[in-house]
Amino acid sequence: MNRKSFLTSVGMLSLVGGIKKVDAITKKINQSLSGSIQMSKFELANLPYAFNALEPYIDAKTMEIHHDKHHAAYVNNLNKALEGTSLEGKTLEVIFKEISKQPAAVRNNGGGVYNHNLFWQVMGPDKGGKPTGALADAINGAFGSFEKFKELFSTAAATRFGSGWAWLVKSDGKLVISSSPNQDNPLMDVSDVKGYPVLTLDIWEHAYYLHYQNRRPDYIAAWWNVVNWDEVEKRFASSK
Ligand SMILES: [Fe+2]
């Protein structure tokens, strides 16, 4: 090998080495980026009160299993369903707008995460009673009275066949009562009634079966004692 060929070979090797270094750096950047994406995974929201805070209406064991097992499973399964898809990093509200285009795992687990986050917020210890202010006026205007609203909402919850949710929804500027199957909600494009969910009630058996067994109407009647109207009023005020 003459000197020129030798230098050319050394140059090529340097070039190859350089490319390998660039590859290694790129790999590290990608690992770091994927690490930051992992940081944005959905996390299990803390229950805003103790497991026994809603007793005697909802028992501590039910709340513990509901939050730590069922809700946690929706979070884990949602993260698995989103991994490596174009939906990673998007909010649930954005995903729900075109949920009809997504696999069942995203619809079921995404709904499961959102609906339970909301459900914990609209309940609380030492609550119940009646709404006040603008929400009370809107309920009276839409349903005639608070008692009539309770009756209609309770019927929607009691008559939803199988698992699902009952909703008070701000839909096109009006308050509407609805129910949804499985983990669907009014933010989804598949929902019969679309709008902003103001109040919700979980009517899956996992929400009440330990204490109430098959007596869903008893669970619904007891649940009114733990509704956090302050939170519901805030949601109504922030809805469009
Ligand atoms: Fe649930």
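Above: the structure in question.
Every chain is numbered independently, its residues counted from 1 as its sequence is written. For this predicted model, a pLDDT threshold of at least 70 governs which residues receive local features, and a threshold of 80 or more governs which side-chain atom pairs are given and counted, while totals over whole chains, interfaces and linings are taken from all residues. Values shown for side chains rest on all heavy atoms present in the structure; no hydrogens or waters enter the calculation.

A. Representation of the packing of aromatic side chains in the model. Pairing of aromatic side chains here covers Phe, Tyr and the six-membered ring of Trp, requires ring centres within 6.5 Å, and sorts the geometry by plane angle: under 30 degrees stacked, over 60 edge-to-face, intermediate tilted. A full pass over the atoms with the stated rule returns 16 aromatic pairs. On the basis of an interplanar angle of 40° and a centroid distance of 5.6 Å, the ring pair of Phe 119 and Trp 120 is categorised as tilted. The two residues Phe 119 and Trp 120 agree in class, both being buried. An aromatic cluster of at least three residues, connected via ring pairs, comprises Phe 143, Phe 146, Phe 149, Phe 153, Trp 223, Trp 224 and Trp 229. Relative accessibility thresholds used throughout: buried, under 20% of the residue-type maximum; exposed, over 50%; partly exposed, between the two (1.4 Å probe, protein chains only).

B. Representation of unusual backbone geometry. The omega torsion across Glu 55 and Pro 56 is 5°, close enough to zero to call that bond cis. Each helix is a run of H or I in the DSSP string that is no shorter than four residues. Each strand is a run of E no shorter than two, and both are numbered from the N terminus. Of note, Pro 56 is situated in the loop between α1 (3-39) and α2 (60-82). At Asp 126, a residue that is not glycine, the phi angle is positive and equals roughly 55°. If you trace the backbone, Asp 126 turns up in the loop between α4 (104-121) and α5 (133-143). Using a relative accessible area of 82% as the deciding quantity, one classes Asp 126 as exposed.

C. How the structure looks around α2. Between the first and last C-alpha of α2 there are 32 Å, a value that for 23 residues agrees with the 33 Å anticipated at 1.5 Å per step. Turning to α2, its buried residues number three or more, namely Thr 62, Met 63, His 66, His 67, His 71, Ala 72, Tyr 74, Val 75, Leu 78, Asn 79 and Leu 82. The contact criterion used throughout is that any non-hydrogen atoms of two residues lie within 4.5 Å. Against the buried residues of α2 lie α3 (92-97), α4, β3 (196-202) and α7 (209-212). Among the residues trailing α2, Gly 84 stands out with phi positive, at a value near 80°. One less than the residue count of a helix, multiplied by 1.5 Å, gives the span that helix is expected to have.

D. Up close: the pattern of salt bridges. We define a salt bridge as a side-chain nitrogen of Lys or Arg found within 4 Å of a carboxyl oxygen belonging to Asp or Glu. Here the structure, examined in full by the defined rule, presents six salt bridges. The salt bridge involving Lys 61 is made with Glu 64; its shortest N-O contact spans 3.7 Å. Residue Lys 61 and its partner Glu 64 are both found in helix α2; the two are separated by three residues, about one turn of the helix. Here Lys 61 falls in the partly exposed class, since its relative accessible area comes to 47%.

E. Structural context of the packing of helix α6 (residues 146-159) against helix α8 (residues 216-223). Only the contacting stretch of a helix is used when fitting its axis, a line to C-alpha atoms as for every element, and angles between N-to-C directions run 0 to 180 degrees. The N-to-C vectors of α6 and α8 enclose an angle of 145°; their axes lie 10 Å apart at closest approach. The interaxial crossing formed by α6 with α8 has right-handed handedness. For the pair α6 and α8, the contacting residues are Phe 153, Ser 154, Ala 157 and Ala 158 in the first and Arg 216, Ile 220 and Trp 223 in the second. Each residue gets one label: Ala, Val, Leu, Ile, Met, Phe, Trp, Tyr, Cys and Pro are nonpolar, Asp, Glu, Lys and Arg are charged, and the others, such as Gly, are polar. Of the residues assigned to the contact of α6 with α8, the class counts are five nonpolar, one polar and one charged. In this scheme the crossing of two helices becomes right-handed for a clockwise turn of the near helix relative to the far one and left-handed for an anticlockwise turn of less than a right angle.

F. Quick peek at the nonpolar core. Core analysis: the largest hydrophobic core is formed by 56 residues, its most contacted members being Phe 149 and Trp 223. When residues of this core are assigned to their parent elements, the largest contribution, six residues, is made by α4. Ignoring sequence-local partners within four residues, the contact set of Phe 149 consists of Ile 139, Phe 143, Leu 168, Ile 177, Leu 199, Trp 224 and Trp 229. Only buried Ala, Val, Leu, Ile, Met, Phe, Trp, Tyr and Cys residues count toward a nonpolar core, and they belong to the same one when joined by side-chain atoms within 4.5 Å.

G. Examining the pairing of β3 more closely. Burial of β3 is extensive: six of the seven residues sit out of reach of the surface. For two strands to count as paired, DSSP must find a minimum of two bridges between them. Where strand β1 (residues 164-171) meets β3, six bridges bridge the pair, whose relative direction is antiparallel. When the sheet's bridge partners are listed, Val 169 is paired in β3 with Pro 197.

H. The arrangement of the packing of α2 against α4 in detail. Relative to each other, α2 and α4 sit at 140°, their axes nearing to 8 Å. One way to sum up the angle between α2 and α4 is to call them oblique. Pair α2 / α4 crosses with left-handed handedness. Judged by residue contacts, Met 63, His 66, His 67, His 71, Ala 73, Tyr 74, Val 75, Asn 77, Leu 78, Ala 81 and Leu 82 of α2 engage Ala 105, Val 106, Asn 108, Asn 109, Gly 110, Gly 112, Val 113, His 116, Asn 117, Phe 119 and Trp 120 from α4. Of the residues that constitute the contact of α2 with α4, the class distribution is 12 nonpolar, 10 polar and no charged. Each angle gets one of four labels, with under 35 degrees taken as roughly parallel, over 145 as roughly antiparallel, 65 to 115 as roughly perpendicular, and the rest as oblique.

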